[in-house]
Amino acid sequence: MTPTPTQDRSEIAFFDLETTVPTRQGQGFAILEFGSILVCPKKLVELHSYSTLVRPADPSLISSLSVRCNGITPDAVVSAPTFSDIADKVFDILHGRIWAGHNILRFDCARIREAFAEIGRPAPEPKGTIDSLALLTQKFGRRAGDMKMASLATYFGLGQQTHRSLDDVTYES
């Protein structure tokens, strides 16, 4: 059953995913972490945050390459909820809101839709999207390097980027 939003959905949902890194042709991504911050668009203040590790259906997808990328090990997610367990919460956070984040159009939005399809549920739909990758590329070109979060954090003097969902989404908002 898909939850229906009953309240005003004007908040901006900044979100980020950490996933496995596919190591062979045809292998998909598995979500390992979901992090989000709901922001009031008028006052630009944080209203709510949510972050959780996610246990993939197949823990063997967490390769050494995945661990090097985001530091999330199979042991870290062994007692985490599955995506199916958090799907209602993720749907409630995202559905009918403006989605914002870094590289969400090419990566995170697709992974959310895939995860919902895998559990046989309709995916949340955004009211609109704001992708900081496109905005920053347009504004700064490649002056900030490869435009990855770590490079941008260094360029803007924001400190060390940890490549974890809630930390990344905090940078984005």
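Residues numbered from 1 in each chain as written. Predicted model: local features only at pLDDT ≥ 70, side-chain atom pairs only at ≥ 80, totals over all residues. Heavy atoms only, no water.

As recorded in an unreviewed UniProt entry, the chain goes by the name Protein NEN1-like, listed as coming from Melia azedarach.

Colleague: So what's going on with unusual backbone geometry? Residues and values would help.
Modeller: Unusually for a residue other than glycine, Leu44 sits at a positive phi of about 50°. The exposed category is assigned to Leu44, whose relative accessible area is 64%. With phi around 65°, Asn103 is a residue other than glycine that occupies positive phi space. Looking at the element boundaries, Asn103 is found in the loop between strand E4 (98-101) and helix H4 (104-118). (Buried < 20%, exposed > 50% of the residue type's maximum accessible area, 1.4 Å probe, protein only. Helix = DSSP H or I, 4+ residues; strand = E, 2+ residues; numbered from the N terminus.)

Colleague: Describe the layout of surface pockets, and please don't skip the residues or the numbers.
Modeller: Quantified by volume, the second largest pocket comes out at close to 340 Å³. What lines the second largest pocket is a set of 19 residues, and nearest its centre among them are Ala30, Ile31, Pro56, Ala57 and Glu118. When residues of the lining of the second largest pocket are traced back to their parent elements, those giving at least two are helix H3 (83-94) and H4. Tallied by class, the residues present in the lining of the second largest pocket amount to 10 nonpolar, four polar and five charged. (1 Å grid on protein atoms, 1.4 Å probe; cavity = no way out; pocket = protein on both sides within 12 Å on 5 of 7 lines; lining within 4 Å. Points joined across faces, edges and corners; volume = space filled by probe spheres on them. Nonpolar A, V, L, I, M, F, W, Y, C, P; charged D, E, K, R; others polar.)

Colleague: Would you mind going over H4 in detail, with residue names and values included?
Modeller: Between its terminal C-alpha atoms H4 stretches 19 Å, which fits the 21 Å expected from 15 residues at 1.5 Å a residue. Looking only at H4, the buried set comprises Ile104, Phe107, Asp108, Cys109, Arg111, Ile112, Ala115 and Phe116. If you follow the buried residues of H4, they end up packed against strand E1 (12-19), strand E2 (31-39), H3, E4 and strand E5 (128-131). (Expected span 1.5 Å × (residues − 1). Contact = heavy atoms within 4.5 Å.)

Colleague: Describe the sheet that holds E4, and please don't skip the residues or the numbers.
Modeller: Strand order in the open sheet formed by five strands is E3-E2-E1-E4-E5, with mixed pairing between adjacent strands. Edge positions in the open sheet fall to strand E3 (46-53) and E5, since each of these has one partner strand only. Adjacent strand axes in the sheet meet at a mean angle of 20° when their direction is disregarded. Note that E1 and E2 share eight bridges and pair antiparallel. In the strand pairing of E2, Thr19 is matched with Ile31. Contacts from H3 reach E1, E2, E3 and E4, with the element oriented near 25° to E2. Its contacts with the sheet put H4 on E1, E2, E4 and E5, and the angle it makes with E1 is roughly 80°. (Pairing = 2+ DSSP bridges. Axes fitted to C-alpha atoms, helices over the stretch in contact; angles between N-to-C directions.)

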